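# Understanding the architecture of this molecule
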Amino acid sequence: MSGVRGVRARGLWVWLALMALAVWGCVRATYVADLSAFLPAAPTGEQRVLMAQLQNGATARVLMIGLRGGEPAQRTDASLRLADQLRGSGLFEAVHNGDHAADAATGEFLFRHRYLLSPAVSVERFTVDGLREGIADTVSLLGTPAGVPLKPLLWRDPTGETVRMAEAMLPANAPRSDGGVWVSREQPRALLLATVRADGGDLDGQAQAQALVRTRFAALAAAAPGLTLEMSGPGVFGVASRARIQSEVERLAIAGTVAMVALLLVAFGSLRALGIALLPVASGVLAGIVAVDLGFGQVHGMTLGFGTTLIGEAVDYAIYYLVQARAGGHTQWQRSSWPTVRLGLWTSLAGFAALAFSGFAGLAQLGVFSMSGLIAAALTTRHVLPVLAPQGSPGQGLRVALGQVTARLCAALPVWRRPLLSMTLVAAGLLVVLPSPWRGTLAALSPVSADALALDASLRADLGASEAGTLVAIEAPDEATALQRAELAGVRLDTLVAQGALLGYDSPARLLPSPATQLARRAALPEAHALRERLAQATEGGPLPAQKLAPFLDEVQAQRLRAPVTLAELKTAAPVLASAVQAQLTPGGAGRPWTVLMNLQAPAGAAGVDAAPLRAALRDLPDTRVVQIGAELDALYAHYLQQARWQAGLGALAVVALLAWHLRSARRLGRVLLPLVASVVLVLAGLTLSGQALGILHLVGLLLVAAVGSNYALFFDHLQHSAGDGTGDGPDADTLASLLMANVTTVVSFGLLATASVPALAAVGLAVAPGALLALALSAAFMPARVRIARPDAPSRFR
C-alpha cells in the first residue's frame with residue numbers, strides 16, 4: 001500500500017509542477033483580439049489584400065481625432081498644440097490637421113522637384129506655344145485669391161507647375177479649413193488625422209498611441225474645459241474590442257465561479273470538496289491557454305472567453321467522481337464509472353478534433369483549446385482527485401434531495417416521450433421550410449457598438465475619408481513596378497471617369513510618379529539655349545519679360561540632372577508626403593509584394609461602384625484586382641461558415657463512429673443518438689424562430705450540446721442496458737444527484753455566457769444552455785429506466 005501511496009504522491013507532485021509551468025506559460029502568453037485571427041490561412045488574392053491591410057496596412061493605422069466644443073479659437077489652438085506634441089512623440093508617422101506651416105518642408109521639396117512631379121510637364125509644355133499657354137494661365141490666376149501664393153514664385157515658376165501639382169495631389173473632398181486648421185463642415189469640431197507608427201495588429205502599440213493622445217489632450221483641456229476628445233479608426237476599434245472582451249471574460253469568470261461555488265457548496269456541504277471540485281476546471285483552462293499559445297504563438301480573446309465554457313463541462317468530471325466515489329471509494333469509481341466518463345471525453349474530443357484542423361486560425365484555436373482543456377480536466381480527475389479525496393466528497397449537502405428530485409423527473413419524463421418526439425419532428429419540418437438561419441456575418445463577431453460606428457462615420461465624412469467600398473489592388477515586386485502599374489490602371493480609370501462610371505479615384509502615382517514617368521518628364525526639359533530662345537518668343541509682347549525669368553531657366557536646367565524621386569527620399573525630406581503615399585502604397589518585404597490600393601468613388605447618386613465594367617477595363621493588367629470590401633467579407637465568412645459546417649459534420653460522424661464502436665449495437669446507438677439529435681434540432685429551431693442570424697459560434701455551441709449531451713445519453717443507456725441484462729437495479733441517490741448537479745452547473749455557466757455583451761460569446765451560451773437542459777430531459781424521456789432511491793451509504797450500481 002505504501003508503494004501505491006508513493007506512486008500517487010509522485011503523481012500529485014508532477015501535477016503541481018505541470019500546473020506551475022502552465023501558470024508561467026499563461027503569464028508569458030500573447031493575447032490578441034483583432035479579427036484577422038478569424039481569417040483563412042489560404043486566402044484568395046482579394047482576401048490576401050484584406051488580410052495584409054488588417055495586419056500591417058496603412059489604413060489599419062489611421063487614427064481620426066476630433067476636438068469638439070468650446071470656442072473656435074480654443075479648438076484651433078488645441079489642434080495646433082496637440083498636433084505639435086503628437087508629431088514630436090515618435091509614436092506617429094504623420095499627423096495632419098491642415099496646418100500648412102508644419103508642411104513647409106514638404107512644400108519646399110515639392111517645389112524643388114516640380115518638373116519631375118508635375119503632371120503637366122511634357123515636350124509640348126516647353127514648346128513656344130506650350131510656354132505661352134502656361135504663362136498665360138499663371139498670369140490669369142494672379143488676379144484671383146488662389147493666385148496670391150503664386151506671386152512670390154512667379155519668376156521661378158511662370159508656367160505654374162506648382163498649381164498643376166496641387167490640383168493633382170489634393171483630394172477633391174479635402175476637409176474644410178478655418179483658422180489654419182481642419183474643421184467640420186457641420187459641427188463645432190476641429191479635426192486631426194494621424195498615422196500610428198505601430199502596425200494595426202500591434203494593439204499594445206495602438207493603445208500606447210491612443211493613451212498619449214488622451215494624456216496630451218487632458219493637459220490642453222485643463223485650459224479649455226469646454227473641449228472634449230473624440231477618436232476613431234481601426235486601431236481604436238481593436239483596442240476597445242480587446243478591452244471589452246477582457247472585461248466580459250473577467251465578468252463571466254467571476255460570475256461563473258461564484259455560481260459554481262454556490263451550487264457545489266450547497267450540493268456538497270463541504271469547503272474541501274468544493275476546492276477539489278474546481279481543480280479539474282482550473283487545470284483545463286491553464287492547459288488550454290498554454291496549448292493554444294504554443295501552437296499558434298498567440299491566444300485570441302474569443303478563445304479565452306470560450307475557456308469559461310469549460311467550467312460547464314470540466315466540472316462535471318469532478319462532480320461525478322466526488323459523488324459517485326462515496327459509495328465504493330476511488331478504486332471502484334475508476335473501475336465502474338471512469339470508463340463511461342472516458343467515453344464521454346472521447347466523444348467530445350472527436351467533435352472538437354475537426355475544428356482543430358480548420359484552415360481558420362481562430363476556429364482551430366477553439367478546437368485545440370477545448371481538446372487540451374478537456375484532456376487536462378479528465379486526467380486531473382482520474383489521477384489527482386483520488387489522491388486528495390480517496391472516498392469522494394466528505395460532505396453530504398443536499399445530494400439526497402437532489403437525487404430524489406432527479407428520480408421523480410426520471411419517472412415522469414417518459415410520459416412525455418411522444419409529445420417531445422412530435423415536437424422534434426415539427427421542429428425539423430420548420431427547419432426545412434423556413435429560410436436558412438445560417439446568415440451570420442463576419443461583422444457580427446465584432447463587439448464594436450453602434451455609437452462607435454456612428455462616430456467613425458461622422459469623422460470620416462468630415463475628413464473626406466469615406467469608408468472604402470471598392471478598391472483596385474495592385475501587387476508588384478518592387479516600388480517602381482508598383483507605381484508604373486498604378487499609372488497604367490489610372491489611364492483605364494480615367495476613361496471610366498470620363499464615361500461617368502466613376503466619380504474619381506485615389507492613386508499613389510499622383511503623389512509620386514514612377515521613375516519611368518519622372519525620367520520621361522526630365523527628358524522633356526530642353527537645354528538652356530533652346531529654352532532661352534523659346535521663352536523669348538513665348539513672352540514677346542506679354543506681361544512677363546524674358547529677361548526677368550532667369551531663375552526659371554536655372555531651375556529647369558538643375559532638374560535635367562536630377563535623379564527620380566523615390567519613397568525612401570520622401571521619408572527623409574518630405575515625411576508628410578511619404579505618409580500620404582504609404583497610405584496607398586504598402587512597401588513589400590519578407591516575401592510580401594508591394595501593394596497599391598486605389599480607392600474608388602462611386603458616381604453621384606449611385607449606391608456603389610459597378611464592378612463589372614471595372615473588371616473589364618482592368619482585366620489584362622498584371623496582378624491587378626478589383627476588391628469589393630463588403631462582398632469579399634461576405635464571401636470570406638460564407639466560406640468560413642461552410643468549412644466549419646463540414647468540419648462539424650465530420651466531427652459528428654466521428655462521434656457516431658466512436659459510439660457505434662463502443663456500444664456494438666445499432667439499437668443502442670440509435671437510442672443514444674435520438675436525444676442528442678432531438679436536442680440540436682429543437683435548439684436550432686428555437687434560434688431560427690427567434691430570428692437569430694446564426695454563425696460560426698452558434699455552430700460551435702451546437703457541437704458542445706452534442707458533446708455534453710452524450711454523457712447524459714450514455715448514462716441512461718447504461719441504466720437500460722444494465723437493467724436489461726440483470727446486472728443493475730437502478731442508481732442510488734448520489735448517482736442521480738451527480739447527474740442533476742452536472743447538468744445544473746453546465747446550464748448555469750452557459751446561461752451566464754448567453755448574457756455576454758460580446759456577440760460571439762453570447763452565441764455559444766444561447767445554444768448550449770438550453771441544449772444541455774434538453775439533452776438531459778430528452779435522454780430521460782426517450783430512454784426510460786427504472787430508478788431506485790438507495791440509501792446514501794449504499795454501494796452504487798452505476799456501472
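The structure reproduced in this document is the subject of the present report. (Residues numbered from 1 in each chain as written. Predicted model: local features only at pLDDT ≥ 70, side-chain atom pairs only at ≥ 80, totals over all residues. Heavy atoms only, no water.)

Turning next to the overall build of the protein. Regarding its fold elements, the protein presents 31 helices and 13 strands. Out of the 799 residues in the protein, the part that is buried amounts to 52%. Nonlocal contacts in the protein, meaning residues at least 24 apart in sequence, comprise 82% of its contacts between residues at least 6 apart. For the protein, the computed accessible surface area is about 33000 Å², with 63% contributed by carbon and sulfur atoms. (Helix = DSSP H or I, 4+ residues; strand = E, 2+ residues; numbered from the N terminus. Buried < 20%, exposed > 50% of the residue type's maximum accessible area, 1.4 Å probe, protein only. Contact = heavy atoms within 4.5 Å. Areas by Shrake-Rupley, 256 points an atom, 1.4 Å probe, with all protein chains shown as cover.)

Another point: the packing of helix H28 (residues 666–689) against helix H31 (residues 759–782). At a minimum axis separation of 8 Å, H28 and H31 run at an interaxial angle of 140°. As the angle between them shows, H28 and H31 are arranged oblique. The two elements H28 and H31 meet at a crossing, and its hand is right-handed. Here Leu-674, Pro-675, Ala-678, Ser-679, Leu-682, Val-683 and Leu-687 of H28 come into contact with H31, specifically with Leu-766, Ala-767, Pro-770, Gly-771, Leu-774, Ala-775, Leu-778, Ser-779 and Phe-782. For the contact of H28 with H31, the residue count by class is 13 nonpolar, 3 polar and no charged. (Axes fitted to C-alpha atoms, helices over the stretch in contact; angles between N-to-C directions. Parallel < 35°, antiparallel > 145°, perpendicular 65-115°, else oblique. Left-handed = near helix turned anticlockwise from the far one by under 90°. Nonpolar A, V, L, I, M, F, W, Y, C, P; charged D, E, K, R; others polar.)

On the surface, a nonpolar cluster with roughly 440 Å² of combined accessible area is contributed by Val-14, Leu-18, Leu-21 and Trp-24. Position of Val-14 relative to the elements: it lies in helix H1 (residues 2–28). (Patch = residues over 30% accessible without salt bridge, like charges linked within 9 Å, V, L, I, M, F, W, Y side chains within 5 Å. Salt bridge = Lys/Arg side-chain N within 4 Å of Asp/Glu carboxyl O.)

Checked against the element boundaries, Arg-114 lands in helix H5 (residues 114–117). Among the residues examined, Arg-114 registers a relative accessible area of 0% and is labelled buried. With sequence-adjacent residues up to four places away left out, Arg-114 is seen in contact with Val-121, Arg-156, Asp-157, Glu-161, Thr-162, Met-165, Glu-555 and Gln-559.

For the rest of this paragraph, the subject is the packing of aromatic side chains. By the definition in use, this model includes 5 aromatic pairs. The interplanar angle of 65° and the centroid separation of 6.1 Å between the aromatic rings of Tyr-115 and Phe-126 together place this pair among those described as edge-to-face. Here the residue Tyr-115 occupies a position in helix H5, and Phe-126 occupies one in the loop between H5 and helix H6 (128–141), the gap between them amounting to 11 residues. Relative to Phe-716, the ring of Phe-715 lies with its centre 5.3 Å away and its plane at 85°, an arrangement referred to as edge-to-face. (Phe/Tyr/Trp six-rings, centres within 6.5 Å; stacked < 30°, edge-to-face > 60°.)

Residues of helix H23 (residues 550–559) that are buried: Phe-552, Leu-553, Glu-555, Val-556, Gln-557 and Gln-559. At its buried positions, H23 is contacted by helix H4 (104–112), H5, H6, helix H21 (515–524) and helix H22 (528–539).

Evaluation of the coordinates by the stated rule reveals 21 salt bridges. For the salt bridge of Arg-460 with Asp-456, the shortest nitrogen-to-oxygen distance reads 2.8 Å. Residue Arg-460 and its partner Asp-456 are both found in helix H18 (residues 450–463); the two are separated by 4 residues, about one turn of the helix. The same class applies to Arg-460 as to Asp-456, namely buried. Each of Arg-68, Arg-189, Glu-230 and Asp-462 takes part in one network of salt bridges that share partners.

This part is about the environment of Trp-155. As for its placement among the helices and strands, Trp-155 is situated in the loop between H6 and helix H7 (161–169). The exposure class assigned to Trp-155 is partly exposed, which follows from its relative accessible area of 26%. C-alpha of Trp-155 to C-alpha of Pro-551: the two residues are 396 residues apart in sequence and 6.4 Å apart in space. Not counting residues within four places of it along the chain, the set of residues in contact with Trp-155 comprises Leu-544, Pro-545, Lys-548, Leu-549, Pro-551 and Phe-552.

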